[in-house]
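Structural overview
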Amino acid sequence: MKLKKQYKGIFYIVISAFCFALMNMFVRMAGDLPSVQKSFFRNLVAAVFAAIILVREKASFRCERENMICLLLRSIFGTIGILCNFYAVDHLVLADASMLNKMSPFFAVIFSYLILKEKVTWNQALIVIGAFVGSLFVIKPTITNMDLVPSLIGLLGGICAGAAYTMVRKLGELGEKGPFIVFFFSAFSCLSVLPYLIFHYHPMTGMQIAVLLLAGLSAAGGQFSITAAYCYAPAREISVFDYSQIIFSSILGFFVFGQIPDALSWLGYGIILAMAVLMFFYNKRRGEA
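A brief report on the enclosed structure follows.

**Looking at the overall build of the chain**
Each helix and strand counted, the chain has twelve helices and zero strands in total. Taken over the C-alpha trace, the chain has a radius of gyration of 18 Å; the compact-globule value for 289 residues is 19 Å, and the two agree within 12%. Viewed in the frame of its principal axes, the chain has a C-alpha envelope of about 55 × 55 × 30 Å. Classification of the 289 residues of the chain by burial places 54% in the buried group. Accessible area for the chain stands at about 13,700 Å²; split by element, carbon and sulfur atoms hold 71% of it. Charge-centre separation for the chain: the mean point of 23 positive side chains lies 7 Å from the mean point of 14 negative side chains.

Right under this line is the structure:
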């Protein structure tokens, strides 16, 4: 039964990786619009889809009182993570932005220890440190690097995403249903950026609206999939498969935008992917033992 759940978690996390790669592509295609405005449309579509599912399943739009803090934390961290990720997508090579956001599984391990009290061994800690070193090759923290600020913002997005997915795992353990978690987060995110949107709205063309709706549709698929994945299995068992998004993003970035990451970025990708694989096999061996 446990193995079956793990396979389901792997399936859903690969599907989510493809959907989020498409989302980033559409966000970039939307052009010169504020990240806040892009995030509103992204979450609006997800909220509508989640609401439809809840209505069809005749599920309640209310949560247990003891789950409210976890839902709020998931929504706050998730909203900050999206804004940071969208900013990075607009200012960096697509694969770089995706890789920095995919630091989230490593930070999920850290937050799982801090919040969920899941044990973290020295080997796991060293792997997380190794992944962070790999991220420095992508960020390239030098004074002459014009992409330093977007890279740091992208890394912050990965940190917040790690915290958000930890709360998703906690909510899954508490019995909260996936569609409601998605609805609550998406609605919270839309409402939180609405004041800015009212006073700083940028007019959009029909094409930009269509592209952002496609970004929202892709995000909804990714959100439902990632929520299902972390409800089926813990991050330590399936997080390595989340890195398939880098493959999808690299392909889309090359064919759609003609982007080719530089040598240091490829080195960083290699280090981070190696750490992800090490983490996966370490946790698998530890679980079998």
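**Points about the packing of helix α7 (residues 148-173) against helix α9 (residues 206-232)**
α9 packs onto α7 with a crossing angle of 60° between their chain directions and a minimal axis gap of 8 Å. For the element pair α7 / α9, the angle class is oblique. The hand of the α7/α9 crossing is right-handed. Residues Tyr 165, Val 168, Arg 169 and Gly 172 of α7 form the contact with α9, whose own contacting residues are Ile 226, Thr 227, Tyr 230 and Cys 231. Residue classes in the contact of α7 with α9 are distributed as five nonpolar, two polar and one charged.

**Here we look at the layout of surface pockets**
Estimates place the volume of the second largest pocket at around 180 Å³. Forming the boundary of the second largest pocket are Tyr 12, Gly 178, Pro 179, Phe 224, Thr 227, Ala 228, Cys 231 and Tyr 232. Among the secondary structure elements, those contributing two or more residues to the lining of the second largest pocket are α8 (178-199) and α9. When residues in the lining of the second largest pocket are grouped by element, the largest group, five residues, is from α9. Of the residues in the lining of the second largest pocket, the class split is six nonpolar, two polar and no charged.

**Details of the pattern of salt bridges**
In the structure shown here, the tally under the stated rule is two salt bridges. Across the pair Lys 38 and Asp 90 runs a salt bridge, and its minimum N-O distance is 2.7 Å. Residue Lys 38 is located in helix α2 (residues 35-56), and its partner Asp 90 is located in helix α3 (residues 68-91); the two are separated by 52 residues in the primary sequence. Exposure class is identical for Lys 38 and Asp 90. Each is buried. Ionic pairing is found between Arg 169 and Glu 173, a salt bridge with its closest N-O pair at 3.6 Å. Here the residue Arg 169 and the residue Glu 173 both occupy positions in helix α7, the gap between them amounting to four residues, near one helical turn. Arg 169 sits in the buried class, given a relative accessible area of 17%. For Glu 173, a relative accessible area of 46% translates into the label partly exposed.

**Some points on helix α11 (residues 244-257)**
When the terminal C-alpha atoms of α11 are compared, their 19 Å separation across 14 residues agrees well with the 20 Å that a helix rising 1.5 Å per residue should span. Every buried residue of α11 is accounted for by Ser 244, Gln 245, Ile 246, Ser 249, Ser 250, Leu 252 and Gly 253. Positive phi shows up at Gly 258, right after α11, with a value of about 65°.

**As for the packing of aromatic side chains**
How two aromatic rings sit relative to each other is given by the distance of their centres and the angle of their planes. Evaluated as defined, the whole model comprises seven aromatic pairs. Seen in terms of ring centroids, Phe 11 and Tyr 12 are 5.5 Å apart; in terms of plane orientation they differ by 70°. Their pairing is edge-to-face. A relative accessible area of 51% means that Phe 11 is categorised as exposed. Taking 5.8 Å as the distance between ring centres and 5° as the angle between the ring planes, the aromatic pair formed by Tyr 12 and Tyr 232 counts as stacked. Here the residue Tyr 12 occupies a position in helix α1 (residues 2-29), and Tyr 232 occupies one in helix α9, the gap between them amounting to 220 residues. We note Arg 74 situated over the ring of Phe 185; from NZ or CZ to the ring centre the distance is 4.1 Å.

**As for the state of the cysteines**
According to the stated counting rule, one finds zero disulfides in the structure shown. The thiol of Cys 190 is not disulfide-bonded; the next cysteine sulfur, from Cys 84, is found 17 Å away. Judged by its relative accessible area of 8%, Cys 190 falls in the buried class.

**Quick look at α8**
When the terminal C-alpha atoms of α8 are compared, their 33 Å separation across 22 residues agrees well with the 32 Å that a helix rising 1.5 Å per residue should span. Turning to α8, its buried residues number three or more, namely Pro 179, Phe 180, Ile 181, Val 182, Phe 184, Phe 185, Ser 186, Ser 189, Cys 190, Val 193 and Leu 197. In this structure, the buried side of α8 is in contact with α2, α3, α7 and α9.

**Looking at a nonpolar patch on the surface**
Together, Met 29, Ile 247, Ile 251, Phe 254, Phe 255, Val 256, Ile 260 and Trp 266 make up an exposed nonpolar region whose accessible area comes to about 850 Å². The greatest single-element share of the nonpolar patch, amounting to five residues, is contributed by α11.

Rules behind the numbers
- Residues numbered from 1 in each chain as written.
- Predicted model: local features only at pLDDT ≥ 70, side-chain atom pairs only at ≥ 80, totals over all residues.
- Heavy atoms only, no water.
- Helix = DSSP H or I, 4+ residues; strand = E, 2+ residues; numbered from the N terminus.
- Rg over C-alpha atoms; globule rule 2.2 N^0.38 Å.
- Buried < 20%, exposed > 50% of the residue type's maximum accessible area, 1.4 Å probe, protein only.
- Areas by Shrake-Rupley, 256 points an atom, 1.4 Å probe, with all protein chains shown as cover.
- Lys, Arg positive; Asp, Glu negative; His and termini not counted.
- Charge placed at Lys NZ, Arg CZ, Asp CG, Glu CD.
- Axes fitted to C-alpha atoms, helices over the stretch in contact; angles between N-to-C directions.
- Parallel < 35°, antiparallel > 145°, perpendicular 65-115°, else oblique.
- Left-handed = near helix turned anticlockwise from the far one by under 90°.
- Contact = heavy atoms within 4.5 Å.
- Nonpolar A, V, L, I, M, F, W, Y, C, P; charged D, E, K, R; others polar.
- 1 Å grid on protein atoms, 1.4 Å probe; cavity = no way out; pocket = protein on both sides within 12 Å on 5 of 7 lines; lining within 4 Å.
- Points joined across faces, edges and corners; volume = space filled by probe spheres on them.
- Salt bridge = Lys/Arg side-chain N within 4 Å of Asp/Glu carboxyl O.
- Expected span 1.5 Å × (residues − 1).
- Phe/Tyr/Trp six-rings, centres within 6.5 Å; stacked < 30°, edge-to-face > 60°.
- Lys NZ or Arg CZ within 6 Å of the ring centre and 35° of its normal.
- Disulfide = S-S within 2.5 Å.
- Patch = residues over 30% accessible without salt bridge, like charges linked within 9 Å, V, L, I, M, F, W, Y side chains within 5 Å.

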